[in-house]
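# Commentary on secondary and tertiary structure
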Amino acid sequence: MNESKKGAILVISSHVVRGTVGNRAAVFALETLGHPVWALPTVILSWHPGHGRSTRVAMAPSEFDAIVDDLLASPWRGEIRGVLTGYVGDPAQATSIARLVRSLKAENPDLLYLCDPICGDEGGLYVPVATAEAIRDELLPIASIATPNRFELAWLAGAPLETNAAIMDAALSLGPSRMLVTSAYPMMSGSIGNLYLSGRTALLAEHRQVPEPPHGTGDLMAALFLSRLLEGHSEERALHLATASVFEIVARSAKRGADELTLEQDASSLSTPMAMVQMRRLVHPGGAQRGP
């Protein structure tokens, strides 16, 4: 597919000065794969807080909303074929994003909106409860696809997720109709899985687990999966390619001893990943049997 047919992707997430998380990861990956990108930061940080204290500068709600107004009035808004949202700085930003997405969808019903509901991990929520609730109540209901990790899905659905069957039930209860859950339960020891649920399809993409991976894997996975769908790949192929790229880059970054994803050295892994990924079809929750 040529660049003009791919269309632009609007990415709304955090921006770090140093590192490859949030918009820094998503924009690089999407542009490497040939997409024009519009990028709107929700907050600016010196670096990922996991590296230590980092100054956080949040855009004031009125200023963020004013930029949304500019985008809606833009003569180029018709270029946008996809929207990707990640880290949200406060509940008011979620309201503004929802207004923007609804307007773009009204103009282009085929627009894909991928919501990566970044709000927590195995340690619990790392955003205020009000922000997580705004993501759940305002953004997830209008998303075409959501990409929570297992811990985020558990909080959003209000249910413990100790099996892949429980993950699928939670995904169906929460919506949207297509959900990719990262850090799902693998079938192979020493592996980790990405579980995708769509319609009557349940797919599990597994790869070897990399100890202590750098930050930004969820941001990268969301961007790559959206890109592959917009390129016209089937859901199974898009899941396979995105999972292989993330695994390959994480493994190479870890081998270098890097504390961030080394995207600039691994651009070829974004476009033509070679890593081994085990694809499995699970029985959909509507079936008689379940996955592990």
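Please refer to the structure higher up on the page.
Here goes a summary of the coordinates provided. Every residue gets a number counted from 1 within its own chain, in the order that chain's sequence is written. Owing to the predicted nature of the model, reporting of local features is limited to residues with pLDDT of at least 70; listing and counting of side-chain atom pairs is limited to 80 or more, with chain, interface and lining totals taken over all residues. Note: side-chain values were computed over all heavy atoms of the structure, leaving out hydrogens and water.

## Topic: the overall build of the protein chain
For helices the rule is a DSSP run of H or I covering at least 4 residues; for strands it is a run of E covering at least 2, with both sets numbered from the N terminus onward. Each helix and strand counted, the protein chain has 10 helices and 12 strands in total. Only the C-alpha atoms count toward the radius of gyration. The rule for a globule is 2.2 Å times the residue count to the power 0.38. At 18 Å, the protein chain has a C-alpha radius of gyration in line with the 19 Å of a compact globule built from 292 residues. In terms of overall dimensions, the protein chain has C-alpha extents of about 50 × 45 × 40 Å along its principal axes. Whether a residue is buried, partly exposed or exposed follows from its accessible area with a 1.4 Å probe, protein chains only, as a fraction of its type maximum: under 20%, in between, or over 50%, in that order. A total of 292 residues make up the protein chain; the buried ones form 53% of that total. Within the protein chain, residue pairs in contact and separated by at least 24 positions form 69% of the contacts whose partners lie at least 6 positions apart. Residues are treated as being in contact if the distance between any of their heavy atoms lies within 4.5 Å.

## Quick look at the sheet that holds strand 4 (residues 80-85)
Spatially, 3-2-1-4-5-8-9-10-11-12 is the arrangement adopted by the 10 strands of the open sheet, whose pairing is mixed. Of all strands in the sheet, those with a lone pairing partner are strand 3 (56-58) and strand 12 (278-282), marking the two edges. Only strands that DSSP links by at least two bridges are regarded as paired with each other. For strand 8 (residues 145-146) and strand 9 (residues 178-184), the ladder comprises two bridges, and the chain directions are parallel. Residue pairing for strand 9: A146 is matched across the bridge by M179. Interaxial angles span 0 to 180 degrees and are taken between N-to-C directions of axes, which are lines fitted to C-alpha atoms, for helices over the stretch in contact. Its contacts with the sheet place helix 2 (residues 23-32) against strand 1 (8-16), strand 2 (37-45) and strand 4, and it is angled at close to 150° to strand 1.

## Notes on unusual backbone geometry
A negative phi holds for most residues other than glycine; trans holds for most peptide bonds. A positive phi angle, close to 60°, is found at S183, a residue other than glycine. Mapped onto the secondary structure, S183 falls in strand 9. Even without glycine at this site, E212 takes up a positive phi of about 45°. With respect to the helices, strands and loops of the structure, E212 is situated in the loop between strand 11 (201-208) and helix 8 (217-230).

## As for the side chain of E152
Summarising the element assignment, E152 is placed in helix 6 (residues 150-157). The charged side chain of E152 is buried without a salt bridge, its nearest counter-charge being R150 at 11 Å. Setting aside anything within four residues of it in sequence, one finds E152 in contact with P117, I118, C119, G120 and Y126. Just so you know, the count uses Lys and Arg for positive and Asp and Glu for negative, and it drops His and the chain ends. Whenever Lys or Arg places a side-chain nitrogen within 4 Å of a carboxyl oxygen from Asp or Glu, that contact is recorded as a salt bridge.

## Some details on the packing of aromatic side chains
Two aromatic rings, drawn from Phe, Tyr or Trp (for Trp, its six-membered ring), form a pair once their centres lie within 6.5 Å of each other, and the interplanar angle then sorts them: stacked below 30 degrees, edge-to-face above 60, tilted otherwise. With the rule as written, the count across this model stands at one aromatic pair. Two conditions define a charge sitting above a ring: the NZ of Lys or the CZ of Arg must be within 6 Å of the ring centre, and it must be within 35 degrees of the ring normal. In this structure, R150 is placed above the aromatic ring of Y185, and the distance from its NZ or CZ to the ring centre is 4.3 Å.

## Remarks on the pattern of salt bridges
Going through the model one piece at a time under the given rule, you end up with 13 salt bridges. The closest approach of N and O atoms between R18 and D259, which form a salt bridge, is 3.0 Å. Placement of R18 in the loop between strand 1 and helix 2 and of D259 in the loop between helix 9 (235-255) and helix 10 (267-271) is noted, with a sequence separation of 241 residues between them. The exposure class of D259 is partly exposed, given its relative accessible area of 37%. D137 is paired through a salt bridge with R136; the nearest N and O atoms lie 2.8 Å apart. The partly exposed category is assigned to R136, whose relative accessible area is 25%. Residues participating in the shared-partner salt-bridge network are E248, R252, R256 and D266.

## Overview of the nonpolar core
Most often, soluble globular proteins keep nonpolar side chains buried together rather than apart. L10, V83, I97, L100, Y113 and L139 are the most contacted members of the largest nonpolar core, which has 44 residues in total. No other element matches helix 4 (residues 91-107), which puts six residues into this core. Side-chain atoms within 4.5 Å are what join buried Ala, Val, Leu, Ile, Met, Phe, Trp, Tyr and Cys residues into a set we call a nonpolar core. Among the nonpolar cores identified, the runner-up in size contains 41 residues, and A29, L112, L226 and M279 belong to it.

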